[in-house]
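Understanding the architecture of this molecule
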Amino acid sequence: MLCKDCKTCHKRSKVSNKHKLVPIDRESGGIKRIIVNDICPNHNTKPLDFYCVDHGSLCCSDCVSLTHRNCNNVKQLDDLVQTATPGQNDIDKEWEGVQEESKKMFEDGNSQINHINSTEREVSAKMTRVIQQAQDKLDDHNAAFQSDLAHKCNSHRQQITSRLRCVSKFNTNAENSHLLMLCLETQGSDRQTFITREQTKNQLTGHYRRMDQNTKELPNTFDITLKIGQIVDEIMKVTTVGDVDVTSTMSLTSQNANACIGSLLQTIISTPSPASSVDFSSASDLTDSLQRIPVISPPTTALVDVWERSVSCVKTVQRSTLGGFVKPFLISGIVTDNGQLLTTDRDNQRLLLFDDNYSLVKKYKVDESPLDVTRGPATDEIFVSLFGGQILKCTLRNDQLSVTKRITCPLGTLGIAVHGDNIYAGTDKGLKVLSMDGEVIRSITKSGGDTYFALSTSKARVYHRDNDDILCRRLDNDAVVYRYKDRRLNYPGSIGLDRDDNVYVCGLISRNVYLVSPDGSRGKALLTKLSGINEPYGIIVHPTKQEFIVTSLHESVSFEVYRFNKNA
């Protein structure tokens, strides 16, 4: 029985996301319709068409050919159903008995829980009364103590408050100066940046002098020493105010019901099935028919070894085909649930959607410059980070983009990823782990520049830049798994992962695409020179195809698609 929220969680879990859910008819008090899963659990595309009497097992054609090829009593399921006589498996009373006995166990358990709850309330109330009497006495003494403490600390608090006002003003000026310089680096010319930087230096120096003059005479350290009274000190040494002795046994009702269920299930299991009582064909006849049943595996794409194969450029998308008020700058992107490519165009404040052949199909305007996009835990759910310190939670369904929530994130957040109920945000200082409401849970420090990163849910690891190195950390405790360094990889930027967790990195200054193994034991320059891109910026690895997309830094070619060659 699931509510709507439980249904959503059920679909998100890897353990249960393939379970089939059916609605309940509230008026009749039962299941609205029954869905029988007749697909083989071992071969997801095959129906269950056979029954092996030797093993008492339902089988598909693949199971028979691979697992039960030596069994002598394999029956076709349709023939069993047609030839079985009515009432052959009449064990309804046993099923009812199992249900009734389990109901007795359930009701007995509820009765014991009620008894525990009632006793707990009585014991708790008694102890509370005793503690309250002692607490009332301590509260009177505490009130007098708190009044004396507040009087002594108030004068010192006023000195610190005066100091904090001066420091707060300087901090605001420093933040504004930093934000101004960040904006100029992306939107201003070199000359404008130089002039503003020099002006800002002088302004910030003046702010500092005023703060220093106003605070150097104000102390901010006070030692407050508490002297505990003798009686209170003795109370602090008490380790317990009482104890509870509990004895437990299994109730006779549950023992009898449990034994009865075991007996009924044994009867159900030992009841002959139609397959063991109906003989309509010999094993050799079925074997002959099975020889004519083709074993068809699910369609899969043969994987090539990315470490042994070369890559070729299979698609080039020119900037001129994308439109926009200014030159498009595609920073990052994802492949959506239906195989389309969704990219961020920072300078035109929009998202671009391409079909599976990388032809532009739609543009989505957003209210600020989008920096990164990642898939959410739910189907058709995406998250987009914006320059102004926000993350948009959206749905992209039938090419329609809908914003469902706005989440505050640290200013300067570039890369984002979603793992469980947390959002990972990459800033120039490092990684921050946020709740779905934008609250910072913890921080992971790093060195050197912007933080684009990749997150592996299968290995529970995160890969990010640390100066010119690639750092791999565990998600549970942030411990460093390995550090990969190579002089041929200079100023790593965007990072991507393929289905085997090989790490793909764009080297902005080294102008190459680099490949690192999942364990960090080896690496190589996958592309030392790109087809039409001189400064590779972003990389998007396709989750199902053996190809990847490389975006450029303000060039005539917006992005190129590369595919691994089948031949070495």
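To start, this report covers the structure provided alongside it. This structure is a prediction, so every number in the text was calculated from the model and none was measured. (Residues numbered from 1 in each chain as written. Predicted model: local features only at pLDDT ≥ 70, side-chain atom pairs only at ≥ 80, totals over all residues. Heavy atoms only, no water.)

Going through the model one piece at a time under the given rule, you end up with 16 salt bridges. Its salt-bridge partner being Arg 350, residue Asp 345 comes within 2.7 Å of it at the nearest N-O pair. We note that Asp 345, like Arg 350, is buried. Between Arg 406 and Asp 367 there is a salt bridge, and its shortest N-O distance comes to 2.8 Å. (Salt bridge = Lys/Arg side-chain N within 4 Å of Asp/Glu carboxyl O. Buried < 20%, exposed > 50% of the residue type's maximum accessible area, 1.4 Å probe, protein only.)

Every regular strand shows the same layout, with side chains that alternate between the two sheet faces. Counting buried positions along strand β8 (residues 341-345) yields five of five residues, so the element is predominantly enclosed. Side chains Leu 341, Thr 343 and Asp 345 of β8 all project onto a buried face; the interleaved residues Leu 342 and Thr 344 project onto the opposite face, where all are buried too. Here four bridges tie strand β7 (residues 330-335) to β8, and the two strands are oriented antiparallel to one another. What sits directly across from Gly 333, in β8, is Thr 343. Where β7 folds back onto β8 in an antiparallel hairpin, the turn is made up of five residues, including Gly 339, whose phi is positive at roughly 85°. (Helix = DSSP H or I, 4+ residues; strand = E, 2+ residues; numbered from the N terminus. Pairing = 2+ DSSP bridges.)

Once that is clear, we can look at helix α4 (residues 92-187). Helical geometry note: an α-helix holds 3.6 residues per turn, so side chains three or four residues apart project in the same direction. Over its 96 residues, α4 runs only 77 Å from end to end, short of the ideal 142 Å by more than 12%, given 1.5 Å per residue. Of all bends in α4, the biggest is about 35°, found at Asn 154. Residues of α4 that are buried: Glu 94, Gly 97, Val 98, Glu 101, Asp 108, Cys 153, Cys 166, Ser 177, Met 181 and Leu 184. (Expected span 1.5 Å × (residues − 1). Bend = angle between axes of the 7 residues up to and from the residue.)

To continue, consider the sheet that holds strand β29 (residues 557-564). Strand order in this open sheet of four strands is β6-β29-β28-β27, and the pairing throughout is antiparallel. Edge positions in the sheet fall to β6 (311-318) and β27 (536-541), since each has one partner strand and no second. Taking each pair of neighbouring strands and ignoring which way they run, the sheet shows an average axis angle of 25°. When strand β28 (residues 547-552) meets β29, the two strands line up antiparallel, connected through five bridges. The residue of β29 that forms the bridge with Val 550 is Glu 560. (Axes fitted to C-alpha atoms, helices over the stretch in contact; angles between N-to-C directions.)

A few words on the sheet that holds strand β13 (residues 390-397). Strand order in the open sheet made by the four strands is β11-β12-β13-β14, with antiparallel pairing throughout. Strands with a single pairing partner mark the edges of an open sheet, and in this sheet they are β11 (370-375) and β14 (400-408). Across the sheet, the mean angle separating the axes of adjacent strands is 25° when strand polarity is ignored. Summarising the sheet, strand β12 (residues 381-386) and β13 pair through six bridges and their orientation is antiparallel.

These results come straight from atomic positions and should not be treated as a statement about function.
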